[in-house]
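Next come the chains, spelled out residue by residue.
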Amino acid sequence: MGTKTTMGSNFKPEVVKEVFSKVNGHSSIIKLAKKMPVAFSGNDIFTFSLDGEAAIVGEGAQKPAGTATVAPVSVTPVKVVYQHRVSNEFMRASEEKALGMLQAFTDGFAMKIARAIDIMSFHGVNPADLKASDKIGTNHLDTVTSVTYTDGKPEDALNAAIAVIGDNDVNGYALSKAFATALGSYKENGVSLYPEFKLGANPGKLVGTACDVNSTVNKGNADALAYVGDFENAFRWGYADEIPMEVIQYGDPDGQGDLKRTNEVVLRAEAWIGWGILNKDAFARIVKQQTQADPKG
């Protein structure tokens, strides 16, 4: 294994804050759900549910027992990494030029992390190859109840998803671009009901409720069209404080050949991201209608 030269030890705290503030425009989860601190060893959030309703008690009557459930939800962070080769002239560049390159890398890393948060928590896949991840397991929104979208009827699909959620709040919508386009095209009596979604727009609200249009909604699951639910209360996400950044000068850290031979170095950044779905009954997803294969082949 080649030796590594680390740029200090980690990003300075103000840079860490900047990286994740730039994520906001590129992640539906970060836009819709609340952030929480995440420990490297993980967190347990205890959910406490009173499953019945309050009861009227007459004078001298016995007070009925209510039912309640208490269960932990584990938020275990996963490590994500992004790395990129640059010419080894980077090592001889002036401080100003080197910082400019690192800033560009930081910007790109922020966008990749943003997309990764969505892709992992929506679909449970590794963002790099879109294959199911054992580290994620069932901790993703593709495990919630689904409703089927009928072409040309996006409002019906949304109403069906809301019905699935029942008494839970609906305070967020994550929409694929295809579903947003369907909303923008939807008309009643010749009148567009959702013109704010026309021409690829991302208005941020759907009938007054927080909404985000993002290609991550179906990145990793081509059948996914939208996610509906209580993002504010029933979903948490966060990241561990340290984001190691290093410049690797030796070896073959990415399988693309010896760095010294190619006169390159690798810029690598890592982050520990965790999330938890506190109540899967508070979410529903809208999926494409499945077409049956022709029995004649």
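Coordinates for the structure precede this section.
The sections below set out a description of the structure shown in this document. What you see is a predicted model; the values in this text were computed from it and never measured.

## Description of the overall build of the protein chain
Within the protein chain, the regular secondary structure consists of seven helices and 16 strands. Across the 297 residues in the protein chain, those meeting the buried criterion constitute 41%. Residue pairs at least 24 apart in sequence account for 76% of intrachain contacts in the protein chain once pairs closer than 6 positions are excluded. Of the accessible surface of the protein chain, which amounts to about 16500 Å², a share of 50% is contributed by carbon and sulfur atoms.

## A look at the packing of aromatic side chains
Under the counting rule described, the total for this entry stands at six aromatic pairs. Plain terms: the ring middles of F231 and F283 are 5.1 Å apart, the flat faces sit at 75° to each other, and that makes the pair edge-to-face. Within this pair, whereas F231 is found in helix α6 (residues 231–234), its partner F283 is found in strand β16 (residues 283–288), the two being separated by 52 residues in sequence. The two residues F231 and F283 agree in class, both being buried. Of the aromatic side chains, those joined through ring pairs into one cluster are F231, F235 and F283.

## Observations regarding the environment of A234
Residue position: A234 is located in helix α6. Counting along the chain gives 66 residues from A234 to N168, while the straight-line C-alpha distance between them is 9.4 Å. Excluding residues that lie within four positions of it along the chain, A234 makes contacts with G276, I277, L278, N279, A282 and F283.

## A word on the packing of helix α4 (residues 154–165) against helix α5 (residues 177–185)
Closest axis-to-axis distance for the α4/α5 pair is 9 Å, and the angle between their directions is 120°. Where α4 approaches α5, its residues P154, A157 and L158 are matched on the opposing element by F179, A182 and L183.

## Notes on unusual backbone geometry
Most peptide bonds take the trans configuration, and most residues that are not glycine carry a negative phi. Of note in the backbone geometry, N189 takes a positive phi value of approximately 55° without being a glycine. Tracing the backbone shows N189 in the loop between β8 (187–188) and β9 (191–192). A relative accessible area of 83% places N189 in the exposed class. A positive phi angle is found at N263, which is not glycine, with a value near 55°. Residue placement: N263 occurs in the loop between α7 (259–262) and β15 (264–277). Judged by its relative accessible area of 45%, N263 is partly exposed.

## Observations concerning the pattern of salt bridges
For the coordinates displayed, the defined rule picks out six salt bridges. Among the salt bridges present, the one from D142 reaches R285, with a minimum N-O distance of 3.6 Å. In this pair, D142 sits in the loop between α3 (95–123) and β6 (146–149) while R285 sits in strand β16, placing the two residues 143 residues apart along the sequence. Judged by relative accessible area, which is 14%, R285 ranks as buried. A salt bridge links E246 to R268, with the nearest nitrogen and oxygen atoms 3.6 Å apart. Of this pair, E246 sits in strand β14 (residues 245–248) while R268 is found in strand β15, placing the two residues 22 residues apart along the sequence. Comparing E246 with R268, the two get one shared label, buried. Ionic contacts of the salt-bridge type, sharing partners, join the residues R85, D252, D254 and E264 into one network.

## Some details on the pairing of β14
Side chains M245 and V247 of β14 all project onto a buried face; the interleaved residues E246 and I248 project onto the opposite face, where all are buried too. Both β14 and β15 contribute to a ladder of four bridges, which runs antiparallel. Residue I248 lies in a different strand from β15, and its bridge partner there is V266.

## Focus on the nonpolar core
One finds L141, F235, W237 and F283 to be the most contacted residues of the largest nonpolar core, which totals 39 residues. Those elements that place two or more of their residues in this core are α2 (28–32), β5 (78–87), α3, β12 (224–229), α6, β13 (235–239), β14 and β15. In terms of residues, this core owes the most to one element, α3, which gives eight residues. Residues contacting F283, with those up to four places away along its chain left out, are L141, V144, T145, I165, V228, G229, D230, F231, A234, F235 and I277. One finds V147, F179, C211 and A226 within the second-largest nonpolar core, a separate group that totals 23 residues.

## Describing the sheet that holds β12
Here we have six strands laid out as an open sheet, ordered β6-β16-β12-β7-β11-β10, and mixed in their pairing. Two strands in the sheet have a free side with no partner beyond their single neighbour: β6 and β10 (205–206). Bridge count between strand β7 (residues 172–175) and β12: four bridges; the pairing is antiparallel. Looking at β12, one finds that Y173 is bridged to V228. Those strands touched by α4 are β6, β7, β10, β12 and β16, and its axis lies near 145° from that of β16.

Calculation notes
- Residues numbered from 1 in each chain as written.
- Predicted model: local features only at pLDDT ≥ 70, side-chain atom pairs only at ≥ 80, totals over all residues.
- Heavy atoms only, no water.
- Helix = DSSP H or I, 4+ residues; strand = E, 2+ residues; numbered from the N terminus.
- Buried < 20%, exposed > 50% of the residue type's maximum accessible area, 1.4 Å probe, protein only.
- Contact = heavy atoms within 4.5 Å.
- Areas by Shrake-Rupley, 256 points an atom, 1.4 Å probe, with all protein chains shown as cover.
- Phe/Tyr/Trp six-rings, centres within 6.5 Å; stacked < 30°, edge-to-face > 60°.
- Axes fitted to C-alpha atoms, helices over the stretch in contact; angles between N-to-C directions.
- Salt bridge = Lys/Arg side-chain N within 4 Å of Asp/Glu carboxyl O.
- Pairing = 2+ DSSP bridges.
- Core = buried A, V, L, I, M, F, W, Y, C linked by side-chain atoms within 4.5 Å.

Nothing here speaks to function; it is all geometry.
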